[in-house]
Structures are given as structure tokens and as C-alpha cells.
There are 2 protein chains.
Amino acid sequence: MKENISHSPPETSSARRRLLDTATRLFYSGGIHAVGIDRIIAEAGVAKATFYNHFPSKEDLVLAYIEEQDRLGRAAVAALPKQPPREMIAAIMGRISEAVVAGGWRGCPFLNAAAEYPNPTSPVRQAIDARRAWYHDSLRALLAADGDPDPSVTASLLVAVSDGLLESAYLDDPENIPALVREAVARLLDRR
Amino acid sequence: MKENISHSPPETSSARRRLLDTATRLFYSGGIHAVGIDRIIAEAGVAKATFYNHFPSKEDLVLAYIEEQDRLGRAAVAALPKQPPREMIAAIMGRISEAVVAGGWRGCPFLNAAAEYPNPTSPVRQAIDARRAWYHDSLRALLAADGDPDPSVTASLLVAVSDGLLESAYLDDPENIPALVREAVARLLDRR
DNA sequence: ACACTAACAGACAGGTCTGTATATTGCAAG
DNA sequence: CTTGCAATATACAGACCTGTCTGTTAGTGT
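Residues numbered from 1 in each chain as written. Chains lettered and ligands numbered in written order. Predicted model: local features only at pLDDT ≥ 70, side-chain atom pairs only at ≥ 80, totals over all residues. Heavy atoms only, no water.

## Remarks on the protein's contact with DNA strand D
Then comes step 1: Taken together, 15 residues form the shell around DNA strand D, and within it G45 and T50 of chain A together with I37, K48 and K58 of chain B come nearest.
Then comes step 2: In this structure, K58 of chain B approaches DNA strand D through a main-chain N or O atom, which is 2.9 Å from a phosphate oxygen.
Then comes step 3: Going through the elements one at a time, helix 3 (48–54) of chain A together with helix 2 (37–44) and helix 3 (48–54) of chain B are the ones with two or more residues in the surface near DNA strand D.
Then comes step 4: Taken together, the residues of the surface near DNA strand D sort by class into six nonpolar, six polar and three charged. (Near = heavy atom within 4 Å. Polar contact = N/O pair within 3.5 Å; in protein donor to acceptor, adjacent residues only side chain to side chain. Helix = DSSP H or I, 4+ residues; strand = E, 2+ residues; numbered from the N terminus. Nonpolar A, V, L, I, M, F, W, Y, C, P; charged D, E, K, R; others polar.)

As C-alpha cells, this is what we get:
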């Protein structure tokens, strides 16, 4: 029956953790199709058979990567201090600036993955859809609480600006991003 | 000396044209790394040797694809009827809606390519940089002529909204895009 | 008629990809 | 001690990748 309640490694298995961490780093920095299994297992220090014990295929690893990024993003938003809707929106949008000033920014991992997965019914694309729906709905709820007359439209515009500024931080000058985020929020919201 | 002035095929060679058209279609719909040379030459009906006569390597074909998309976009903007700055900006942004309602939209080809080319010094990335600089500068000049107090910042916001709405047209509901474009322009510009 | 060019078809080399299989090691539970 | 498990290294199959090469065919200018 396997009594693995608080046993030697109750962690999610060190090998699996190392594989996902390495895959996250390599997929994000190099692109998904461009990074092979061989390189991931070599840099993670894991045997190939062990990899295929934890993940049935490469696509499952990609999916685990996307889903973990989604989960981390939602947790970061949930961990924001409770504050009035308008400030909460500013705080959520402010996460764009934080992600960028850290350096090594290579664009939004979800948009990058979507560029490599054209099939909208693939699990990866569906995970991306779920994450976008969550982001839009979170903003819409806050906008509604703030009294926005058309919270769905405003939320769509905030999502678009988020995506666009994340791309701009990758392809243009990241230095301008914090000011642009503030300016975008001000212009899109400051209309009673 | 080759007197090819208005000779039998003054066109850029039918095979080259077919190769670039086929590559454009396949690269855009399927992604760049995911589409191989074999498939391109098969669907273009061109021999492999002929391909390598016209393009030294696959990357040259990718670059030709990106540069042609850039050239076509600039030509479409240049072909817009002359009108006051504010209307010109609306017309340029309106091209987003046109691209989307046509159907088969799979995201901005430049952002998709950038996702697959992490090296900022690669020719593909430099072509993308050039295209983004042109777009930003075009909008900035129009905003300056319109009397915008901070045309560079407003241009950056319009670029971000353009990128974001193009991604939204791919990943969310394309139906809302025309209204969102109009609303974004109104909210970002209507502040004397 | 002859030479040149561009295109064709297709085989091949060398590398890399995903995924499977084999055989061995270390460790912990019972 | 023995049984079982998880991990190791490594080799392999089969597909696909880019790029090169050989040889043939069609059309054109001189």
C-alpha cells in the first residue's frame, strides 16, 4: 500500500523538481521546440529513463511548465495585500514592471508558447486560454467593484496593454516600462 | 553580362516566388521551427537544389519572409489616403481590425517570430527591431503633428495596444477587436 | 546547331529529435 | 537478508532535419 506519509523524500521527488526547474529555464530562454529532451536531462543531471518515468512525453513536460507558471502567477496575485479595487488593479499591473526590472526578461511565457502551438485544441493552448480567462475575469471583477461602466471592455484593454508592454519589455527598451504601465493605467481608467 | 532588362521572366523568378509564398503560408500558420525545408519545397513544387540556389540557407528564407511582411505592412500604410494626423492614426490602428476579420489570424508574425528567435543579434531579430522602430516612429510623428504633449510615450502605448490586441485577436474572441481598437484609441488620445 | 541556364527528381551524408530498452547501482522496508 | 523501488548510464530504433551532390530535362540566345 505504500505508506509514504512523511517519509524520506516527501518532496515531489528531487528528480522531478530538477527536471521541471531546468525545463522552465531552458524553455523560457531558448524556446520550446528548440530545446531537446537530451539537453534538459543533461543539465538536470537526470537519466533519460527517469525523465520518462516522471513525464510520459515531452508535451507533458511542456504542459507542466505552463501550468506551473500559471499557478505561480495566480499565487503572486493572491498574495497581494488587500486594498481598494483601484489600487489593487494598479498593483496587479505593477507586477509587469517587477518582472521586467529583474533582468533576463524574454517575453511572456504564455504568449511565447502560444506562438509555438498553433492548434487551439492542444492541452498547452487550453492551459493558456484558462490563464487568460482568469486574468481577464480578475480585472473585470475589480473594475466592476470600482464602478467602471463597462468593466469587460476595460478589462480587455488592460489585458491587451499587459500583453503589449510585456512584449515591449522584451523587444524594446525595458527601462521605460514602469512609467508606461503607470501611464496606461491612468489613461485607461481615469474616465469616471 | 546578362542583359536581363525586360526579358522573358523579369519577375523575380517563378520558383523563388512560389517558395516565398509557400514559406510565408507555412511559417505563419505552423511556426518557423516546426516547418521543414522538405515540406516547403514539396508544397511549392520546387526541387531542393533549386531552393538552395535561391536561398543559401533556411534562415535566409526566414529572413526574406520577415522582411517581405515588413515591406508589405509599410506599403499598406503608405497607401492610406492622406488625412489629418488624428484620422491617420485611427486608420493605421484600424488595420488591426481588417487583418483580423479576414479570418485565419494566427497572431502577429513578428511577435511569433521573435518568440522563436531569442538571440537579439540574429538577422531575424534585427529585422523585427527595424519594423518596430518604424511603427513607433510613424505614430510618434503623427502624434507630434497632432499636438500630443508627449508623443513618444503615447506612441509606445499605441504600439503596446497594437501588439496586445493582435495577440487578443489570436487567443481570445476576434469579434470584439474592432470595438476595442476604437475604444483604445479614444481613451489613449482623448486627453488634450 | 551549340552553349548556357534554370529548373527538375532524387539519393545521400551527418546530425538531432523523441521515445524505448537493457543492465546496473544504491537504499530502505519488512 | 531479500525484495522492491528509484535512480543511474548507455545503446538503440526510427523519424526528421539541413544541406550537398549527381544526373536529367526544357527553354533561350547566339
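## A short note on the pattern of salt bridges
Residues and elements named next belong to chain A.
Then comes step 1: Tallied over the full model, the rule gives 24 salt bridges over all chains.
Then comes step 2: Here R17 ties to E68 by a salt bridge, and the two come within 3.1 Å at their closest N and O atoms. On the criterion of sequence distance, the pair formed by R17 in helix 1 (residues 14–30) and E68 in helix 4 (residues 58–78) is long-range, its members being 51 residues apart.
Then comes step 3: In this structure E68 comes out as buried when scored by relative accessible area, which is 10%. (Salt bridge = Lys/Arg side-chain N within 4 Å of Asp/Glu carboxyl O. Buried < 20%, exposed > 50% of the residue type's maximum accessible area, 1.4 Å probe, protein only.)

## A few points about the relation of the copies chain B and chain A
Then comes step 1: In screw terms, the move from chain B to chain A is a rotation of 180 degrees and a rise of 0.0 Å along the axis, fitting with an RMSD of 0.0 Å. What we have between these two chains is a two-fold relation. Distance from the rotation axis, computed per C-alpha, reaches its smallest value in chain B at G164 of chain B: 2.2 Å.
Then comes step 2: In this assembly the copies share their binding face: 100% of the residues contributing to the interface of chain B also contribute to that of chain A. (Least-squares fit on C-alpha atoms with pLDDT ≥ 70 in both. Contact = heavy atoms within 4.5 Å.)

## Quick notes on the interface of chain B and chain A
Then comes step 1: Of the residues lining the interface, 36 residues belong to chain B; the matching set on chain A comes to 36 residues.
Then comes step 2: Interface of chain B and chain A: buried area, both sides summed, is about 3,100 Å²; carbon and sulfur atoms make up 62% of it.
Then comes step 3: The interface formed by chain B and chain A contains two salt bridges.
Then comes step 4: Put simply, D172 of chain A and R132 of chain B hold a salt bridge, and the shortest N to O gap is 2.9 Å.
Then comes step 5: Applying the counting criterion to the chain B and chain A interface returns 14 residue pairs in polar contact (both at pLDDT 80 or more).
Then comes step 6: Elements that contribute at least two residues to the side of chain B that touches chain A include exactly helix 1 (14–30), helix 6 (109–116), helix 7 (123–145), helix 8 (151–171) and helix 9 (177–189) of chain B.
Then comes step 7: When residues in the side of chain B that touches chain A are grouped by element, the largest group, 13 residues, is from helix 8 of chain B. (Buried area = accessible area lost by both parts, 1.4 Å probe.)

## Some details on the domain arrangement of chain A
Residues and elements named next belong to chain A.
Then comes step 1: For chain A, the assigned domains are domain 1 (11–55) and domain 2 (63–189).
Then comes step 2: Each partner contributes to the interface: domain 1 provides twelve residues, whereas domain 2 provides 13 residues.
Then comes step 3: Both faces considered, domain 1 and domain 2 share a buried interface measuring about 1,100 Å² in area, 56% of it formed by carbon and sulfur atoms.
Then comes step 4: On the domain 1 side of the interface with domain 2, the three residues burying the most area are Y28, I32 and H33, jointly 57% of the side's total.
Then comes step 5: Between the two partners, domain 1 and domain 2, sit one salt bridge.
Then comes step 6: Its residues assigned to classes, the side of domain 1 that touches domain 2 comprises five nonpolar, five polar and two charged. (Domains from an automatic or database assignment.)

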